[in-house]
Amino acid sequence: MRSPRIAALVLALVAAIAAPGAPVAALESRYPEAEAFEHTLIDCNRAGGWVLEDGTCDLEDAEARVPKRKPLKVGKTIAALVARPYARRLANAGALSHFLGGSIQQRFGRAGLGDGRVGENIGYAGGRDDVLGGVLRVHLLFQAEWKANGWHWRNLMDKRFTRVGVGVWVKDGRTYMVLDFHS
């Protein structure tokens, strides 16, 4: 029979590891092509373009439609420590929430990236196993907020942001995507 003290210690250790305040380990991408594709879609919008249904970028009459912004740098550390682990967490929970296990500020803080302005876009597309198609569908939803100046669109176009980490995770036919922005 195991000692109750050892069992309690093991339970406390497991709880500490799973707690929202626990530091996170870098998570390698399972979908590097999809994450890179999302960067090209973001670059299209920030160049003043409009992403079309087929994933191409329409720059014709762009200045009349969308203001130009500097491209965002690829935030590899943000992706590995914040966006990708959170996309996995959302997929495993089968949920969409900006506060599953803490706020975005807390997630950046646990990753040692707490200084600066942060923003986050989350979404999922389901029904197919086409990861690139799922990423495109989620991006088109963010872009569709253009006329209403919705928060997802604002984050995509905020000139104060300089980097973005993209996290993509697939579970049960759903493609979950997290964009974590940082200044």
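Our structure's up above, just so we're on the same page.
In this report, we go over the structure that sits alongside the text. As a convention, each chain's residues are numbered from 1 in the sequence order in which they are written. pLDDT decides what is reported in this predicted model: residues at 70 or higher carry local features, side-chain atom pairs at 80 or more are listed and counted, and totals for whole chains, interfaces and linings draw on all residues regardless. Water and hydrogen atoms were dropped before computing side-chain values, which therefore reflect all heavy atoms in the structure.

Comments concerning the state of the cysteines
Note on disulfides: each one is a pair of cysteine sulfur atoms within 2.5 Å. Inspection of the entire model under this criterion finds one disulfide. Disulfide pairing places Cys-44 opposite Cys-57 at an S-S distance of 2.1 Å. Given an S-S torsion of about 85°, the disulfide between Cys-44 and Cys-57 has right-handed geometry. With a gap of 13 residues between them, Cys-44 in helix α2 (residues 32-46) and Cys-57 in strand β2 (residues 57-58) connect regions that are remote in the sequence. The buried label goes to any residue with under 20% of its type's maximum accessible area, the exposed label to any with over 50%, and the partly exposed label to all in between, with areas taken from a 1.4 Å probe on protein chains only. Take Cys-57: its relative accessible area is 37%, and that puts it in the partly exposed class. Segments assigned H or I by DSSP are reported as helices when at least four residues long, segments assigned E as strands when at least two residues long, and all are numbered from the N terminus.

Some thoughts on the environment of Leu-179
Mapped onto the secondary structure, Leu-179 falls in strand β6 (residues 174-182). Overall, Leu-179 belongs to the buried group, its relative accessible area being 0%. Sequence-wise, Leu-179 and Val-82 are 97 residues apart; in three dimensions their C-alpha atoms are separated by 9.4 Å. Non-local contacts of Leu-179, meaning those with residues more than four positions away in its chain, are made with Glu-38, Ile-42, Gly-119, Glu-120, Asn-121, Phe-142, Leu-156, Val-164, Gly-165 and Val-166. Working rule for contacts: check all heavy atoms of both residues, and any pair within 4.5 Å makes them a contact.

So, the layout of surface pockets
A cavity, in this analysis, means grid points on a 1 Å lattice covering only the protein atoms where a 1.4 Å probe fits yet has no way out; a pocket is instead an open set bounded by protein on both sides within 12 Å along at least five of seven lines, and a residue lines either one if it has an atom within 4 Å of a point. Grid points are joined across faces, edges and corners, and a volume is the space filled by probe spheres set on the points. Approximately 200 Å³ is the volume attributed to the second largest pocket. Taken together, His-98, Phe-99, Ser-103, Ile-104, Gln-105, Arg-117, Val-118, Gly-119, Glu-120, Trp-151, Asn-155 and Phe-161 make up the full set of residues lining the second largest pocket. Where the lining of the second largest pocket is concerned, the elements lending two or more residues are α5 (104-110), β4 (118-125) and α7 (151-157).

Here we look at helix α6 (residues 131-143)
To estimate how far a helix should reach, multiply one less than its number of residues by 1.5 Å. The terminal C-alpha atoms of α6, which comprises 13 residues, lie 18 Å apart, in line with the 18 Å expected from a rise of 1.5 Å per residue. With 10 of 13 residues buried, α6 lies mostly within the body of the structure. Where α6 is concerned, the buried positions are Val-131, Gly-133, Gly-134, Val-135, Leu-136, Val-138, His-139, Leu-140, Phe-142 and Gln-143. Taken together, the buried residues of α6 touch α2, β1 (50-51), β4, α7, β5 (163-171) and β6. Sitting at the amino-terminal end of α6 is Asp-130, which places a side-chain oxygen 3.4 Å from the backbone nitrogen of Leu-132. What qualifies as a polar contact is a pair of N or O atoms within 3.5 Å, subject to a donor-acceptor requirement within protein and to the restriction that residues adjacent in sequence count only when both atoms come from side chains.

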